[in-house]
Amino acid sequence: MLRHLLICLALAISTLPARADEPLKIVASFSILGDFVRNVGGTSVSVTTLVGPDSDAHVYSPAPADAKKIADAKLIFINGLGFEGWLPRLVKSAGGKATVVTATSGIAPLKLGSDADPHAWQSVANAKIYVANIRDALEAADPAGAATVSANANAYLAKLDALDREVREAIARIPEARRKVISTHDAFGYFAAAYGIAFIAPQGVSTESEPSARDIAAIITQIKTGKIPAVFLENISDPRLMRRISAETGARIGGTLVSDSLTSENGEAPTYIDMVRHNIKALTSALTN
Ligand code: ZN
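Residues numbered from 1 in each chain as written. Predicted model: local features only at pLDDT ≥ 70, side-chain atom pairs only at ≥ 80, totals over all residues. Heavy atoms only, no water.

Attention now goes to the sheet that holds strand β2 (residues 45-51). A sheet is described by the order of its strands in space; here four strands give the open sequence β2-β1-β3-β4, paired in parallel fashion. Strand pairing shows two members of the sheet lacking a second neighbour, β2 and β4 (99-102), which therefore form its edges. Sheet twist, expressed as the average angle between the axes of neighbouring strands with direction ignored, equals 25°. Looking at chain direction, strand β1 (residues 24-30) and β2 are connected through six bridges and run parallel. Along β2, the bridge assignment pairs A28 with T49. Where helix α5 (residues 124-141) meets the sheet, its contacts fall on β1, β2, β3 (75-78) and β4, and the angle it forms with β3 comes to roughly 170°. (Pairing = 2+ DSSP bridges. Helix = DSSP H or I, 4+ residues; strand = E, 2+ residues; numbered from the N terminus. Axes fitted to C-alpha atoms, helices over the stretch in contact; angles between N-to-C directions. Contact = heavy atoms within 4.5 Å.)

Shown next as structure tokens:
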């Protein structure tokens, strides 16, 4: 009798539909995108990121655990614009039924030579487009949760509006002639275009290729003739090249910019909003003094 009851119970449980309030399994290719998805999805999503804190998505090598994450996901958010060159092969080999959503869809890409610049998130106006794309994809994937997702998105978009004003006010305090810096790689093209600070970098829009001796010599000349006040390290890059350029030119190290990845929870920029605030603080303190 008891055995019969247990079998009935087991059958009943196994035939129950998935709970409607079970969070959607989402994969985000890198930490900044993961933060956007968490803000928009709230408790209706369970987000895993592939490229972790302080890591470089340009040159990422997927681990076996990543294939499992992809296979289990309902949605995969990617940056696109050539940022995650390793991802299409991973998705293909992992199998699964996830929909791949390109979060930069609708953003007019900047070009550096023939390459699209993938770092669109560095303009807060673009971050709002990422958020709108994420909202639309989450609503389509889970219509029952659409009202909550829409409210979350609106609240987060309002924070981004305030952040954008904060950046503009901070940059306005920097004397115009001093609004130029050196970063390790060309990660700040969209920031430069939106906010009017010139960024020059020895390395291009991807970190895949090392800068040549000629690239470095050209930067050193530019720093000297352009009287560029500061060079910046990046949280995802080896600091040695910038230290060398600083030593050879006398341009000081202005601090570390958070470029392609958030920091760990205990670091200075565990969220996108923290990242933008950290960067404007680093820029204004190096360029106004
Ligand atoms: Zn980059």
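Another point: the confidence of the model for the chain. Averaged over every residue, the pLDDT of the chain is 92; the share at 70 or more is 93%. The model gives residues 14-18 a pLDDT under 50, and that stretch makes zero contacts with residues more than four places away or in other chains. (pLDDT = per-residue confidence, 0-100.)

Within the protein, the zinc ion binds to H58 (NE2), H119 (NE2), H185 (NE2) and D260 (OD); these donor distances fall in the range 1.9 to 2.0 Å. Every donor counted, the four donor atoms about the zinc ion form angles of 94 to 120° at the centre, which fits tetrahedral coordination. On the primary sequence, the residues serving as donors to the zinc ion are separated as H-x60-H-x65-H-x74-D. On the criterion of sequence distance, the pair formed by H58 in the loop between β2 and α3 (64-72) and H119 in the loop between β6 (115-116) and α5 is long-range, its members being 61 residues apart. Take H119: its relative accessible area is 0%, and that puts it in the buried class. (Donors = N, O, S within 2.8 Å, 3.2 Å for Na, K, Ca; no water. Tetrahedral: all angles 85-135°; square planar, octahedral: opposite > 155°, others 65-115°. Buried < 20%, exposed > 50% of the residue type's maximum accessible area, 1.4 Å probe, protein only.)

Let us now look at the environment of T148. By secondary structure assignment, the location of T148 is in helix α6 (residues 146-172). Taking the relative accessible area as the measure of exposure, T148 reaches 44% and is therefore partly exposed. Distance in space between the C-alpha atoms of T148 and R244 is 50 Å, their sequence separation being 96 residues.

What follows is about helix α2 (residues 31-41). The buried fraction of α2 is high, at nine of eleven residues. Considered for burial, the residues of α2 that qualify are S31, I32, L33, G34, D35, F36, V37, V40 and G41. Turning to α2, the residues buried within the fold contact β1, β2, β3, α5, α6 and α10 (272-288). Directly beyond the C-terminal end of α2, a positive phi value near 55° is found at G42.

Attention now moves to the pairing of β4. By the bridge criterion, four bridges tie β3 to β4 in an arrangement that is parallel. When the bridges of β4 are listed, I78 appears paired with T102. Crossover handedness for the path β3 to helix α4 (residues 87-94) to β4: right-handed. (Right-handed = clockwise from strand over helix to strand, strands pointing away.)

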